[in-house]
Amino acid sequence: MAPLTTIPLLFFSTNATARHAFYFGFLQGMIAYGLSLYWFTNIFKSGAIVLYAILSLFTGIFCLLLNTTNKKIQSHILKALFAAVCWTALEFFRSELFWLRFTWITPGTAIGPTWLSPFIGVYGASFIIIFSATLTVFKHTRIIGIVFCILTLFLGIIDLPVVVPQQNTINVAAVQS
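Here's what I pulled together on the structure shown here. (Residues numbered from 1 in each chain as written. Predicted model: local features only at pLDDT ≥ 70, side-chain atom pairs only at ≥ 80, totals over all residues. Heavy atoms only, no water.)

## Points about a nonpolar patch on the surface
A grouping of Ile143, Ile144, Ile146, Val147, Phe148, Ile150, Leu151, Phe154, Ile157 and Ile158 is seen on the molecular surface, where their side chains present a nonpolar patch of about 930 Å² in accessible area. By the secondary structure assignment, Ile158 is in the segment after helix H8 (142–155). Judged by relative accessible area, which is 43%, Ile158 ranks as partly exposed. (Patch = residues over 30% accessible without salt bridge, like charges linked within 9 Å, V, L, I, M, F, W, Y side chains within 5 Å. Areas by Shrake-Rupley, 256 points an atom, 1.4 Å probe, with all protein chains shown as cover. Salt bridge = Lys/Arg side-chain N within 4 Å of Asp/Glu carboxyl O. Helix = DSSP H or I, 4+ residues; strand = E, 2+ residues; numbered from the N terminus. Buried < 20%, exposed > 50% of the residue type's maximum accessible area, 1.4 Å probe, protein only.)

## Things to note about the state of the cysteines
Enumeration over the complete set of coordinates arrives at zero disulfides. Counting only cysteine sulfurs, Cys63 is the nearest neighbor of Cys86, a cysteine outside any disulfide, at a range of 9.4 Å. No disulfide involves Cys149; its sulfur sits 16 Å from that of Cys63, the nearest cysteine. (Disulfide = S-S within 2.5 Å.)

## Brief notes about the packing of helix H5 (residues 76–97) against helix H7 (residues 117–137)
In contact at an axis separation of 8 Å, H5 and H7 are set at 145° when each is read in the N-to-C sense. Two packed elements cross with a definite hand, and for H5 against H7 that hand is right-handed. In terms of residue class, the contact of H5 with H7 is built from 14 nonpolar, five polar and three charged. (Axes fitted to C-alpha atoms, helices over the stretch in contact; angles between N-to-C directions. Left-handed = near helix turned anticlockwise from the far one by under 90°. Nonpolar A, V, L, I, M, F, W, Y, C, P; charged D, E, K, R; others polar.)

## Brief notes about H8
An ideal rise of 1.5 Å per residue puts 20 Å on 14 residues; H8 measures up with 20 Å between its terminal C-alpha atoms. Within H8, the full set of buried residues consists of Gly145, Cys149, Thr152 and Leu155. The arc that holds the buried residues of H8, viewed along the axis, is 110°, so those residues lie on one side. Within H8, the exposed residues directed more than 90 degrees away from the buried face are Ile143 and Leu151. (Expected span 1.5 Å × (residues − 1). Arc of directions from axis to C-beta.)

## Observations regarding the environment of Tyr38
With respect to the helices and strands, the residue Tyr38 is situated in the loop between helix H2 (18–36) and helix H3 (40–44). With 74 residues separating them along the chain, Tyr38 and Gly112 place their C-alpha atoms 21 Å apart. Beyond its immediate chain neighbours, meaning those up to four positions away, Tyr38 contacts Tyr33 and Tyr52. (Contact = heavy atoms within 4.5 Å.)

## Brief notes about the packing of aromatic side chains
Applying the stated criterion across every chain, the model contains 18 aromatic pairs. Ring geometry for Phe22 against Phe26: centres 6.4 Å apart, planes inclined by 25°, an arrangement best described as stacked. Residue Phe22 and its partner Phe26 are located together in helix H2, separated by four residues, close to a single helical turn. Judged by its relative accessible area of 25%, Phe26 falls in the partly exposed class. The interplanar angle of 80° and the centroid separation of 5.1 Å between the aromatic rings of Phe58 and Phe98 together place this pair among those described as edge-to-face. Separated by 40 residues along the polypeptide, Phe58 in helix H4 (residues 47–70) and Phe98 in the loop between H5 and helix H6 (107–110) bring together distant segments of the chain. Judged by its relative accessible area of 11%, Phe58 falls in the buried class. (Phe/Tyr/Trp six-rings, centres within 6.5 Å; stacked < 30°, edge-to-face > 60°.)

## Section: the side chain of Thr6
Note on placement: Thr6 falls in helix H1 (residues 2–15). Other than its neighbours up to four places away in sequence, Thr6 contacts Ile130 and Ala133.

Structure below.
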């Protein structure tokens, strides 16, 4: 579902004014975080709206950056790469460097742990999802984007065996905590 929910966001961001792209990204973030984290209202009451707004700022900033660079970059592949790098950088900042360190509700966590997770991690999965979704927005790369989206969806379904290297192991009976 992650590629499918980001496609309208990406389409609108590349075809609107910069101000409208930011507002649409912010609105999409408020709706997505409000619906996904509705239970925050039980804990924070009306303060949950402020948390949704803080998180939505990152989606709005992404849409603004995407919109402003869309007219400057000619290659659709480079646009998709920029979108994926930009999203992943904002996601990393929001999850690791920002004072809230809020790692929930990211495209990378939407597909869950896969056989590829030890190699690319959750940020790599987000990169692949945003890259494939962005390719579907542009007319010349739409077929490639659809193929990438289908492959990304199957990434979470197909379970390949993980090869664990043979090492000397130590049996532990108890661990003091």
